[in-house]
Structure formats: structure tokens, C-alpha cells
Amino acid sequence: LEVRHMFNFIRANLYKGFKSKTFVVLMMVSIVCTAIMILLANGVATGTMNQELSNMIFLFSDSSMLALLGAMLASIIIGAEFETKWFHQAIVAGYSRLQIVIGKAITYWVLLICVTLPYAIGVVLVRVMVLDVDFGMQGAGFLNIVNGGNDLSLMRFVTVLAVMLLIYVGQLSLTISFAFVAK
């Protein structure tokens, strides 16, 4: 009964998260930034754009954008709950504080992976389509996977993608504690 109770709590949080307008906007920003990053990198590599634009590519990269998007995601998942007093309702419904924190963390991780997926899919598309991209020395995160060329085996490529997703989830999990402290 306890596991089912917790599962329902997480499912309700995920439903609320996926239906929020802010999450949809964050997904759109992530998709647009991924597309801009790949188009700029392709333009620099093919010579249709100036080499000095490689600095601008980093602004749209996963390592810079996900820090902003992850913080905004934490604020809508946790910060908004304090404003609406939803936490009080959850406690009255019988959830412990630990269950609430764990439920919110799992919700955050799932939504964060969804926001990160456009970058992972973009890297896969670059590799599958064998696009010529040059991220310059600014490559970090998913950019390094593509910047290294196509010499990775498929299994190693998938492993590196999965590890990068886990690293981003781990790094941005700090925002959960900051959101609870800052309320």
C-alpha cells in the first residue's frame, strides 16, 4: 500500500509537470537551442559562417543552457508548490516530508531528462546524418561526443550519451535542495 501511495504521488506530480505551460516552454527552448547549436556548428564546419561564431555556439550548448533550464524547472516543481500551499495539502493527505522530497526529486529527474533529450537526440542526428560540424574549442558535454568525430562504436556512443544524461541529472540535482532552502 505504501509503494502504491508513493507511486500515485509521483504520477500526480508528473502529470502536473507535463501539463504546466512552463515545462512546455522549457522544452521548446531546449529544442530551439539544440537546432541553433547544430546549424551554427554545421555552418562553421562547411565554411558558410564565420569561424568566430564558434564562441556563440557555446551559448546555445547543453552545458550552458541546461544550467538555466534546470534551475527554472526546479523553481516550477518546488517553488510554485510553496506559493500554492500544495505541500500542506500533501502532508494532510498522509505523505511524510521524506516522501514529498523523494517524490519531488523523482519528478524533477524525469522532467529534467525530458528537457535534456533534445540535445541527446540532436547529437544522435548529427552522427546518423554524418553532418560536418565544428564546435571549436568550446565543446563541452554532448558537444564533445560529436566533436571527437565518428570513431566511437555504437555501444560506446550510447554508453557515453547515457552517462552524460546521468551527469546532468546529478549536477542539476543540487537545484532541488536549493529550491527547498530558498522556498
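Conventions used here
- Residues numbered from 1 in each chain as written.
- Predicted model: local features only at pLDDT ≥ 70, side-chain atom pairs only at ≥ 80, totals over all residues.
- Heavy atoms only, no water.
- Helix = DSSP H or I, 4+ residues; strand = E, 2+ residues; numbered from the N terminus.
- Buried < 20%, exposed > 50% of the residue type's maximum accessible area, 1.4 Å probe, protein only.
- Contact = heavy atoms within 4.5 Å.
- Patch = residues over 30% accessible without salt bridge, like charges linked within 9 Å, V, L, I, M, F, W, Y side chains within 5 Å.
- Areas by Shrake-Rupley, 256 points an atom, 1.4 Å probe, with all protein chains shown as cover.
- Salt bridge = Lys/Arg side-chain N within 4 Å of Asp/Glu carboxyl O.
- Polar contact = N/O pair within 3.5 Å; in protein donor to acceptor, adjacent residues only side chain to side chain.
- Core = buried A, V, L, I, M, F, W, Y, C linked by side-chain atoms within 4.5 Å.
- Phe/Tyr/Trp six-rings, centres within 6.5 Å; stacked < 30°, edge-to-face > 60°.

Q: Describe the overall build of the chain, and please don't skip the residues or the numbers.
A: Helix and strand content of the chain: 9 helices and 0 strands. Reading the helices (α) and strands (β) of the chain from amino to carboxyl end gives α-α-α-α-α-α-α-α-α. Relative to its 183 residues, the chain shows a buried fraction of 43%. Taking contacts inside the chain between residues at least 6 apart in sequence as the whole, the part at least 24 apart equals 75%.

Q: Residues and numbers for a nonpolar patch on the surface, please.
A: A cluster of nonpolar side chains, contributed by Ile113, Leu117, Ile121, Val124, Leu125, Val128, Met129 and Leu131, occupies part of the molecular surface with about 650 Å² of accessible area. Mapped onto the elements of the fold, Leu125 is located in helix 6 (residues 97-128).

Q: Describe the side chain of Thr116, listing the residues and the values that go with them.
A: Relative to the elements of secondary structure, Thr116 occurs in helix 6. On the basis of relative accessibility, which here comes to 1%, the residue Thr116 falls in the buried class. A polar atom in the side chain of Thr116 sits 2.7 Å from the backbone oxygen of Leu112. Once residues within four sequence positions are removed from consideration, Thr116 is found in contact with Leu66, Phe142, Leu165 and Tyr168.

Q: Describe in detail the nonpolar core, supporting the description with residues and values.
A: In terms of nonpolar packing, the biggest core is built from 50 residues, with Phe23, Leu73, Tyr108 and Phe142 touching the most fellow members. Contributing elements (two or more residues each) for this core: helix 1 (2-19), helix 2 (21-46), helix 4 (62-84), helix 5 (86-92), helix 6, helix 7 (142-147), helix 8 (154-172) and helix 9 (174-182). If we skip the residues at most four places from it in the chain, Phe23 touches Gly17, Phe18, Leu73, Ile76, Leu111, Cys114 and Val115.

Q: For the environment of Phe87, give the residues involved together with the corresponding values.
A: For Phe87, the position within the fold is in helix 5. On the basis of relative accessibility, which here comes to 7%, the residue Phe87 falls in the buried class. Considering only alpha carbons, one finds Phe87 and Arg97, 10 residues apart in sequence, at a separation of 8.8 Å. Apart from residues lying up to four places away in sequence, Phe87 is in contact with Ile78, Glu81, Phe82, Ile100, Lys104 and Phe180.

Q: If you had to explain the packing of aromatic side chains to someone new, which residues and values would you point to?
A: As enumerated under the stated definition, the model contains 2 aromatic pairs in all. With a centroid separation of 5.3 Å and an interplanar angle of 80°, the aromatic rings of Phe18 and Phe23 are classed as edge-to-face. Owing to a relative accessible area of 5%, Phe23 belongs among the buried residues under this scheme.

Q: Quick rundown of the environment of Lys104? Include the residues and the values.
A: Tracing the backbone shows Lys104 in helix 6. Looking at Lys104, the relative accessible area reads 2%, which means it is buried. A C-alpha to C-alpha distance of 7.2 Å links Lys104 and Ile77, two positions 27 residues apart in sequence. In this view, Lys104 contacts Phe9, Asn13, Ile77, Ile78, Glu81, Trp86, Phe87 and Phe180; residues no more than four positions away in its chain are not counted. There is a polar contact of 3.3 Å between the side chain of Lys104 and the backbone oxygen of Ile77.

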